[in-house]
Amino acid sequence: MNSSVVSTQERTEGRHSRLLAAQEAVNNILLGKDHQVRLAFCCLLARGHLLIEDVPGVGKTTLAHAMARTIGSDYQRIQFTSDLLPADILGVSIFKREKDTFEFHPGPIFSQVILADEVNRATPKTQSALLEGMAEGQVTIENDTHVLPSPFFVMATQNPVDLVGTYPLPDSQLDRFLLSFSLGYPDPVAERELLTSEDRSRMLNRTEALLTPGDIHGLQEDCEKIHASENLLDYIQALLLETRDERWFETGLSPRAGLALLNASRAHAFLENRDFVTPEDVKTIFVGLARHRLSPTSGFSQSPEEQIGELLDQVPIP
Amino acid sequence: MIDPGRKTVYWVIATLSLAMLPQLVRMPPLVAAIAVLPLAWRVTAERKEWPALPALLRHAMTAVGLLSLFFSYGDLSGRRAAVSLLAVMLSLKMMECYRVRDARLVVCFSLFLCATQFLFAQGIVMPFYGVTSVIVALVTLTRLHRNEAWSHEGEPPAIKSSLFSELGFSLRLLALAVPAGLAFFLLFPRLSSPLWGIPETTLDSKTGLSDSMSPGSIQQLFMDDSPAFRVEFEGPAPRPDERYWRGPVFWQFDGKTWRQSFYSRNIVATSRPDAGQSASRYSVQMEPNERNWLFALDYPVTVPRDTRLTLDYQLIRRDPVIQLMQYSMTSNPDFIDAPDLPETLRYQALKVPEKSSPRTRELVERWRRETPDDRAFIQRVLSHFNEQPFHYSLEAPLLGRHPVDEFLFETRMGFCEHYASTFAVMMRLADIPSRIVTGYQGGWYNPLGNYLLVRQSDAHAWTEVWLPASGWTRVDPTAAVSPLRIQQGSLGAMGAPRHFLDYSWLRQARNSVDIIQQRWNDWVIEYGAGSQARLFEPLGLGEMTPARLVVVLFIAMGIFSAILFPLVLRIKGPGYKDPVQQIWQKFLKRLQSMGFTALPSSGALELADAASLQIPSETDSIQRIADLYTRCRYSPDPPPLNDLKHAVGEFRPNKKAG
């Protein structure tokens, strides 16, 4: 593959098949969660960040870990706790007596893939240190601006907000995550296999990187070329408009969310090996995109997912 | 930009041309040329893609246009000049009409210009012409509107709207306006005389009888087939040889031309005929001729409003007839006109210029000596006309210094005015008072409409002589020469056609078709202030004042709007349906007939999965159609539409069983 005569198309096809292999590898570790794994890859390809929400022990960390391993990038895990400080994430400047200067020691945020475990256990100040870096692709420490590496992919996990000892993320910061989903309990077949097969952490350690940072860059660029027709844009706009109707949600989706929806749908189409986006791609992405951004109007007893599903049923496909 | 490559500007030009055409015919040649020039320039400029004219040149053209209007009309008041001004200005506007706003202005004013033609002509053809112009204008406005709506997008989308759909759309709009138009026609308060009722005789070349008669003057009318008036009789119509419609009467003769006398025009008849036993009652519907005479059979018993009956029983109206006019008449043919002739009138009726017609003078003197009795003398002259080779002919040679002499002894070919004039002169020379009466003789009886149609070509001139005891007596020398003229009308008497289209069957057809015009006159043109006041009499509402009419009009318009408004909202313009969607809908209908109902919110592929579960036997074709549809709709390079068409066409619900 390192021959210079390899055509662009072959290169594209090569990294596309490696991408599918990576996806398959993650599926092997996290049993019965194909849908969530696909969403996680969409998020990576659309240059977004991922939020995984669920109770402890259903495999959040395992998913993030498996993703990080297979996409083979420089990877750091940050365990958020209530006493974690911003400097623990960003890094510190230490005075070097020999050189008579301050020297910057970069923190764990200076990695390509970050697993921010239990992000809602840390104080808001510490949370915002991470989230600012996610939004801007750079951090500023004591007047020095440090550019974060690229690709830069954050997977955050969080426990449901009603558990004791959590600081819920504010809406404005939730918006930084492109997609979110919950994993849920495995189905009986998958659970039995989990119980009988080998230990997951050992499998993780054995897992090899299947993609390079260069591949990820290339794949991200490929995704942007996926065609979205006028009819499809009509549908996306119709969806956005419907979320802004007061009878559903307190506030609707922002234009940024709309753009994110389009990009993630492109990534989904790309994973499906299509060169154009269909309304099905949009519908698949939509729940994951909207569930952490929208809060149902008070008076509804339904969960956001149910509410969003109902909204999807209301919007005809043009 | 009026149109990015869609040539709507030609539609604007067509609209204006259609509106201008009827006016162009009435304009003086100079003004007409100036009205046409900018249009011609614009058409050429569009074809050759010339740039716009500089402003200075446009101003200069406008000045030239105004000057030529002044030059042709004297001033700019009066309907003719005002309408010409409008037409010329609109035409000049085309030199600077490059934006949708300007184009719309031209089209709207064209509609107004189109309406002005009713100031000049109210015939039955005009409304059809008007409707055509309005439809063209509506199509143009539709196109302009669409171009404007897409002006920010560059080119409008390739809408598959044919000319037919645009015409249909315009027709529908027009049809919606019909009730409102009808309401305004019936209910808008009318004035008893039109606002534009200023006769402009100087420019009008209306044909009709005039206030003098010289050889050839009636002959001109003979070529004109336009209707003069129509008559409906209450009883049976009189025989053709009794249908003498009395018009201008002439007393004074200068050797060539007969003129009216001051007395006869201004002195009112002292004795009125009474409606005797054999009186006939009829109503006359007269076409506008911009003259003052009303026509009636001898002798008028009743006198219409604003009209006087002169001593020689002419009906002279105070104002010229400038619009269709209806009047009822009663005539008594048995009345004796002037049993005693006053000396002044007798003198008038015997005056012949000295030294004129010496040969005739000599002949009359000789005959008078031989035949001293008045009636016998009249008979002798008539027999002379009858027995000698005199001809009733259109090709009368021009007459010189002594027309009577030349006609009587040399040419012997002439039209009714030659005979009447010669006969009257001979009577005067023989000391028998005589005068000339002009008018119309005969007419064509339309059995369908039960009315008599009198055309300009029926114009006639005859003579009246005064005899003791019987008073003024009608003598028609033309009848002695050509009895057919009186029996069958002038056209029948002539034999040869007047021009290449002049066939007797064609004339017959034209006369029959005239009933349409007559009905139009009765129901539309004649509908005026009077008919309006009586409009609701059958409903027992009494007389309608203008105020009441306005109230009814408002109520009617309110009702129409209430009915029409929802209709108008539902009208769709020349629409466009995506062919892919049409085929897809067909497919969905077929699925439905198989018991599968699709949610509008489900995508094609989703739907295919669900449908396949329900109809497993058709899984392959359903998936294929869904895949084709999705690619047609969302892919950057869609497959040919025919693939989808065929796939759906082959998908038959009946195959389910097999």
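The structure this text deals with has already been given above.
Rules used throughout
Residues numbered from 1 in each chain as written. Chains lettered and ligands numbered in written order. Predicted model: local features only at pLDDT ≥ 70, side-chain atom pairs only at ≥ 80, totals over all residues. Heavy atoms only, no water. Helix = DSSP H or I, 4+ residues; strand = E, 2+ residues; numbered from the N terminus. Buried < 20%, exposed > 50% of the residue type's maximum accessible area, 1.4 Å probe, protein only. Contact = heavy atoms within 4.5 Å. Areas by Shrake-Rupley, 256 points an atom, 1.4 Å probe, with all protein chains shown as cover. Pairing = 2+ DSSP bridges. Buried area = accessible area lost by both parts, 1.4 Å probe. Salt bridge = Lys/Arg side-chain N within 4 Å of Asp/Glu carboxyl O. Polar contact = N/O pair within 3.5 Å; in protein donor to acceptor, adjacent residues only side chain to side chain. Nonpolar A, V, L, I, M, F, W, Y, C, P; charged D, E, K, R; others polar. Phe/Tyr/Trp six-rings, centres within 6.5 Å; stacked < 30°, edge-to-face > 60°. Axes fitted to C-alpha atoms, helices over the stretch in contact; angles between N-to-C directions. Parallel < 35°, antiparallel > 145°, perpendicular 65-115°, else oblique. Left-handed = near helix turned anticlockwise from the far one by under 90°. Expected span 1.5 Å × (residues − 1).

A. Structural detail: the overall build of chain A. For chain A, the count of helices and strands is 13 helices and nine strands. Buried residues in chain A amount to 50% of all 318 residues. Considering only intrachain contacts with a sequence separation of at least 6, the fraction spanning at least 24 residues in chain A is 77%. Here chain A displays about 15,000 Å² of accessible surface, and carbon together with sulfur accounts for 50% of that area.

B. Seen up close, the sheet that holds strand β5 (residues 258–259) of chain B. Spatially, β1-β5-β4 (chain B) is the arrangement adopted by the three strands of the open sheet, whose pairing is antiparallel. Each edge of the open sheet is held by one strand with a lone partner, namely β1 (212–213) and β4 (252–253) of chain B.

C. Seen up close, the interface of chain B and chain A. Contact with chain B, which involves 15 residues of that partner, is made by 18 residues of chain A. For the chain B face of the interface with chain A, the top three residues by lost area are Ser601(B), Arg633(B) and Tyr634(B), together amounting to 50%. Between chain B and chain A we count one salt bridge in total. One salt bridge connects Lys283(A) with Glu606(B), and the closest N-O pair in it is separated by 2.9 Å. Linking chain B with chain A are eight residue pairs in polar contact (both at pLDDT 80 or more), by the criterion used here. Contributing elements (two or more residues each) for the side of chain B that touches chain A: α21 (604–614) and α22 (619–634) of chain B. With four residues, the top contributor of residues to the side of chain B that touches chain A is α22(B). Tallied by class, residues from the side of chain B that touches chain A come to five nonpolar, six polar and four charged.

D. Structural detail: the pattern of salt bridges. Residues and elements named next belong to chain B. One pass over the full model with this rule turns up 38 salt bridges over all chains. Close ionic contact of Glu-96 with Arg-58 constitutes a salt bridge, the shortest N to O distance being 3.4 Å. Here the residue Glu-96 occupies a position in the loop between α4 (79–93) and α5 (100–116), and Arg-58 occupies one in helix α3 (residues 55–73), the gap between them amounting to 38 residues. With a shortest N-O distance of 2.8 Å, Arg-368 and Asp-374 are connected by a salt bridge. Each of Arg-58, Lys-93, Glu-96, Arg-99, Arg-101 and Asp-102 takes part in a single network of salt bridges with overlapping partners.

E. Layout of the packing of aromatic side chains. All names here are of chain B. Counting across every chain of the model gives 26 aromatic pairs over all chains. Considering the side-chain rings of Trp-584 and Phe-587, the 5.2 Å spacing of their centres and the 40 degrees angle between planes classify their relative orientation as tilted. Here Trp-584 pairs with Phe-587, and both are found in helix α20 (residues 579–593), just three residues apart, close to one helical turn. Residue Trp-584 is classed as buried on the basis of its relative accessible area of 7%. For Phe-587, a relative accessible area of 1% corresponds to the buried category. Seen in terms of ring centroids, Trp-584 and Tyr-629 are 4.0 Å apart; in terms of plane orientation they differ by 10 degrees. Their pairing is stacked. Of this pair, Trp-584 sits in helix α20 while Tyr-629 sits in helix α22; the two residues are 45 residues apart in sequence, bridging distant segments of the chain.

F. Here's a closer look at the packing of helix α10 (residues 230–243) of chain A against helix α11 (residues 255–271) of chain A. All names here are of chain A. Between α10 and α11, the shortest axis-to-axis distance is 11 Å and the interhelical angle comes to 140 degrees. Relative to α11, the element α10 is oriented oblique. Handedness of the crossing formed by α10 with α11: right-handed. Judged by residue contacts, Leu-232, Leu-233, Ile-236 and Leu-240 of α10 engage Gly-258, Leu-261 and Leu-262 from α11.

G. Structural detail: α20(B). All names here are of chain B. Compared with an ideal rise of 1.5 Å per residue, which puts 15 residues at 21 Å, α20 spans 21 Å between its outermost C-alpha atoms and is within 8% of the ideal. Those residues of α20 lying buried are Val-580, Gln-581, Ile-583, Trp-584, Phe-587, Leu-588, Arg-590 and Leu-591. Those residues of α20 hidden inside the fold are in contact with α21, α22 and α23 (641–650). Where α20 ends, the next residue or the one after it, Gly-595, has phi of about 95 degrees, a positive value.

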